[in-house]
Amino acid sequence: MFKFRKGQRKRSKSDIPDAVVNGSGTAGPGQAPSPGHTLSSLPRMTAVEPLPLFKDVSKSERHTLFLRKLQLCCFQFDFTDTLKSARQKEIKRQTLLELVDFIQSGMSKIPEAYLGEMIKMVGINIFRPLPPAAHETASAPEGADPEEVEDYMEPSWQHLQIVYELLLRYVVSSDTETKVAKRYIDHSFVLKLLDLFDSEDSREREYLKMVVHRIYGKFVVHRPCIRKAINILFYRFIYETERHSGVGELLEIMGSIINGFTVPIKEEHKLFLIRTLIPLHKLKQLSLYHQQLSYCMVQFVDKDYKLGDIVVRGLLKYWPLINCQKEVLFLGELEEVLEAMQSAEFQRCMVPMFRQIARCVNNPNFQVAERALFFWNSEHIVGLISQHRQVVLPIVFEALEKNIQSHWNTEVHGLTVNVRKMFVEMDPALVEECERQLQEKEAMAGEVEEQREMTWKKLEEAAAGDAG
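- The name that an unreviewed UniProt entry assigns to the chain is Serine/threonine protein phosphatase 2A regulatory subunit, with the source organism given as Hibiscus sabdariffa.
- Under the Sequence similarities (unreviewed entry) heading, UniProt states for the chain: "Belongs to the phosphatase 2A regulatory subunit."

1. Side note on the overall build of the chain
And step 1. When helices and strands are counted, the chain shows 19 helices and 2 strands.
And step 2. Across the 468 residues in the chain, those meeting the buried criterion constitute 46%.
And step 3. The long-range share in the chain, meaning contacts at least 24 apart out of those at least 6 apart in sequence, stands at 73%.
And step 4. About 24,400 Å² of surface is accessible on the chain, with carbon and sulfur atoms providing 52% of the total.

2. Side note on the nonpolar core
And step 1. Phe66, Ile185, Leu277, Met353 and Phe354 are the most contacted members of the largest nonpolar core, which totals 132 residues.
And step 2. When residues of this core are assigned to their parent elements, the largest contribution, 10 residues, is made by helix 4 (residues 157-172).
And step 3. If sequence neighbours within four positions are ignored, leucine 277 has contacts with Leu251, Ile258, Phe272, Leu293, Cys296, Met297 and Phe300.

3. Here we look at helix 13 (residues 324-339)
And step 1. Taking 1.5 Å as the rise per residue, helix 13 with 16 residues should run 22 Å; its terminal C-alpha atoms sit 23 Å apart, in good agreement.
And step 2. When we look at burial in helix 13, the residues that qualify are Lys326, Glu327, Phe330, Leu331, Gly332, Glu333, Leu334, Glu335, Val337 and Leu338.
And step 3. Buried residues in helix 13 make contact with helix 11 (286-303), helix 12 (308-317), helix 14 (343-361), helix 15 (366-373) and helix 16 (379-387).
And step 4. One side-chain oxygen of the residue at the start of helix 13 lies 3.3 Å from the amide nitrogen of glutamine 325, identifying that residue as asparagine 323.

4. With respect to the packing of aromatic side chains
And step 1. The final tally for this structure, using the stated rule, is 15 aromatic pairs.
And step 2. With a centroid separation of 4.0 Å and an interplanar angle of 10°, the aromatic rings of phenylalanine 54 and phenylalanine 102 are classed as stacked. Of the two residues, phenylalanine 54 is situated in the loop between strand 1 (19-21) and helix 1 (59-73) and phenylalanine 102 in helix 2 (residues 86-106); the sequence distance between them amounts to 48 residues.
And step 3. Overall, phenylalanine 54 belongs to the buried group, its relative accessible area being 9%.

5. Focus: the pattern of salt bridges
And step 1. On inspection of all chains with the given rule, the structure shows 25 salt bridges.
And step 2. One salt bridge in this structure joins arginine 205 and glutamate 249, with 3.2 Å as the shortest N-O distance. With arginine 205 in helix 7 (residues 202-218) and glutamate 249 in helix 9 (residues 247-259), this pair connects stretches of sequence that are 44 residues apart.
And step 3. Using a relative accessible area of 13% as the deciding quantity, one classes glutamate 249 as buried.

6. With respect to the environment of phenylalanine 197
And step 1. Among the structural elements, phenylalanine 197 can be located in the loop between helix 6 (187-195) and helix 7.
And step 2. Assessed through its relative accessible area of 0%, phenylalanine 197 is described here as buried.
And step 3. Along the sequence, phenylalanine 197 and tyrosine 207 sit 10 residues apart, while their C-alpha atoms lie 9.8 Å from each other.

7. A closer look at the state of the cysteines
And step 1. Applying the stated criterion to the full structure yields 0 disulfides.
And step 2. Cysteine 324 takes part in no disulfide bond, and the closest cysteine sulfur to it belongs to cysteine 360, at a distance of 9.4 Å.

8. So, helix 12
And step 1. Across the 10 residues of helix 12, 7 count as buried, placing the element largely inside the fold.
And step 2. Looking at the buried side of helix 12, the elements it contacts are helix 10 (267-277), helix 11, helix 13 and helix 14.

9. Re the packing of helix 12 against helix 14
And step 1. It is the contact of helix 12 with helix 14, at a shortest axis distance of 9 Å, that shows an interaxial angle of 15°. With respect to their mutual orientation, helix 12 and helix 14 come out roughly parallel. Handedness of the crossing formed by helix 12 with helix 14: left-handed. Residues Asp309, Val312, Arg313 and Leu316 of helix 12 pack against Glu345, Arg348, Cys349, Pro352, Met353 and Gln356 of helix 14.

10. Quick word on the environment of glutamine 292
And step 1. Mapped onto the elements, glutamine 292 comes out in helix 11.
And step 2. In this structure, the C-alpha to C-alpha distance between glutamine 292 and isoleucine 253, residues 39 residues apart in sequence, is 9.1 Å.

11. Let's talk about unusual backbone geometry
And step 1. Across the junction of valine 263 and proline 264, the peptide omega takes the value 5°, indicating a cis bond.
And step 2. Looking at the secondary structure, you find proline 264 in the loop between helix 9 and helix 10.
And step 3. A positive phi is found at glutamate 242, a non-glycine position, where the angle reads about 55°.
And step 4. Here glutamate 242 shows up in the loop between helix 8 (223-241) and helix 9.
And step 5. A residue is classified by how much of its surface remains accessible, and glutamate 242, at 37% relative accessible area, is partly exposed.

12. Topic: the packing of helix 7 against helix 8
Packed helix pairs are specified by the crossing angle of their axes together with the interaxial distance, meaning the distance between the axes.
And step 1. The interhelical angle for the contact between helix 7 and helix 8, taken along N-to-C directions, is 140°, at an axis separation of 9 Å. Of the possible angle classes, the one that applies to helix 7 and helix 8 is oblique. Contacts from Val212, Ile215, Tyr216 and Gly217 in helix 7 reach Arg223, Ile226 and Arg227 in helix 8.
And step 2. Residues of the contact of helix 7 with helix 8, tallied by class, amount to 4 nonpolar, 1 polar and 2 charged.

13. A short note on the side chain of aspartate 304
And step 1. Mapped onto the fold, aspartate 304 is located in the loop between helix 11 and helix 12.
And step 2. Here aspartate 304 occupies a buried position and makes no salt bridge, while the nearest side chain of opposite charge, lysine 270, is found at 4.4 Å.
And step 3. Apart from residues no more than four positions distant in its own chain, aspartate 304 is found in contact with Ile265 and Lys270.

14. Details of the confidence of the model for the chain
And step 1. Across the chain, the average pLDDT comes to 87, with 86% of residues at or above 70.
And step 2. In this model residues 1-18 is a low-confidence stretch, pLDDT under 50, and it forms 29 contacts with partners more than four residues away in sequence or in other chains.
And step 3. With pLDDT under 50 throughout, residues 23-35 is counted as low confidence; its partners more than four residues away or in other chains account for 32 contacts.

15. Some remarks on the side chain of threonine 416
And step 1. Mapped onto the elements, threonine 416 comes out in helix 18 (residues 410-426).
And step 2. Only 2.7 Å separates the side chain of threonine 416 from the backbone oxygen of valine 412, close enough to count as a polar contact.
And step 3. If we skip the residues at most four places from it in the chain, threonine 416 touches Leu373, Leu400, Asn403 and Ile404.

Criteria and thresholds
- Residues numbered from 1 in each chain as written.
- Predicted model: local features only at pLDDT ≥ 70, side-chain atom pairs only at ≥ 80, totals over all residues.
- Heavy atoms only, no water.
- UniProt positions renumbered as here; feature names shortened; annotations may be inferred.
- Helix = DSSP H or I, 4+ residues; strand = E, 2+ residues; numbered from the N terminus.
- Buried < 20%, exposed > 50% of the residue type's maximum accessible area, 1.4 Å probe, protein only.
- Contact = heavy atoms within 4.5 Å.
- Areas by Shrake-Rupley, 256 points an atom, 1.4 Å probe, with all protein chains shown as cover.
- Core = buried A, V, L, I, M, F, W, Y, C linked by side-chain atoms within 4.5 Å.
- Expected span 1.5 Å × (residues − 1).
- Polar contact = N/O pair within 3.5 Å; in protein donor to acceptor, adjacent residues only side chain to side chain.
- Phe/Tyr/Trp six-rings, centres within 6.5 Å; stacked < 30°, edge-to-face > 60°.
- Salt bridge = Lys/Arg side-chain N within 4 Å of Asp/Glu carboxyl O.
- Disulfide = S-S within 2.5 Å.
- Axes fitted to C-alpha atoms, helices over the stretch in contact; angles between N-to-C directions.
- Parallel < 35°, antiparallel > 145°, perpendicular 65-115°, else oblique.
- Left-handed = near helix turned anticlockwise from the far one by under 90°.
- Nonpolar A, V, L, I, M, F, W, Y, C, P; charged D, E, K, R; others polar.
- Lys, Arg positive; Asp, Glu negative; His and termini not counted.
- pLDDT = per-residue confidence, 0-100.

Structure, rendered in structure tokens:
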């Protein structure tokens, strides 16, 4: 059953006519709108009928025709029934395509006010109540995983795609003057665009990503607004809803933004890393957006290697306990971060980090153990380990020995042997010292176990004596 999100009114069938007009109008036969007219001031358009092609009218009439076509494209249709108003839908689709071509070919000659009306038409078409997510509908099985739900396809995409293309062409055009355009593509417009990232149609999110990215690059005045709005969307996702369709695309935008940060990195950007990006690791849907999230994290360390310690400790804070697939993702990200770290930051976090890596090396899941052992394939990481081997080897040595003696997977066993050989070549005396300490530890553990068994035996004998 179709239902709207909280705060949105559910419309009955009687509320949805064949075509809905939003402030559109048209000129009757022989009436030509003057350049000062806007869509709302013209006579109301009552039906969708074909308009002449731009090439079929004189140059002096093209601006008037442009406005009339905008009026026609303000009509909205019910796409739940594909056969309903099929002719009118096709007329609108063809008109939208004409507008895209017209904008591409000669936008600089269009009056500024008419461009504002075009942005209004775009808003009328794309800003709409989004349907509920598939896992929220009554037909969805209880506890449905968003990863397993089939991709949603927006019914009106045949029109929406062209509207988005029109907006994108306008934003990227060299003819677009930001001083003029920002009057129409204002903060409110941008915030509404960002809200649409929750659309379940991946095609729409891809267009939104391109549009917002271009707006961020071209409209400097909107940059703080965009960063703040994205941050708020992430906060809601992390701490309130734990549901959002566009996290990956939003992170992709942020990755590009972070790449453009200047050094030294501002405090507000560091807070975004600590309060937003790092906590995003704790969500169960991590696999849906981890690639983009990992890129953002590594970008911060690339920009300022001193942030490496903060990033590593953040990963350790949210390290998964029982989810092996998620653990493999964390290990991959940790390796990328280490590739960008310097010795001083490595030294600050190496003890807790290699304690976790040692646990992963001993993991019975071969994918986790194998991924942890792959760290020693990196020359940079091996170089860092070599500089601090006096600390690192005693932490991981016992895990390596356990794997060699008892891990069930042959690949993991072979990788562990190779890592041990690497340490032997690096510092044979240290390996011998670690072996001696491990033998002492095992001997002490054996004595403790023997003492425990003797204590239990005495207790059992005492209990038997009392019973007799």
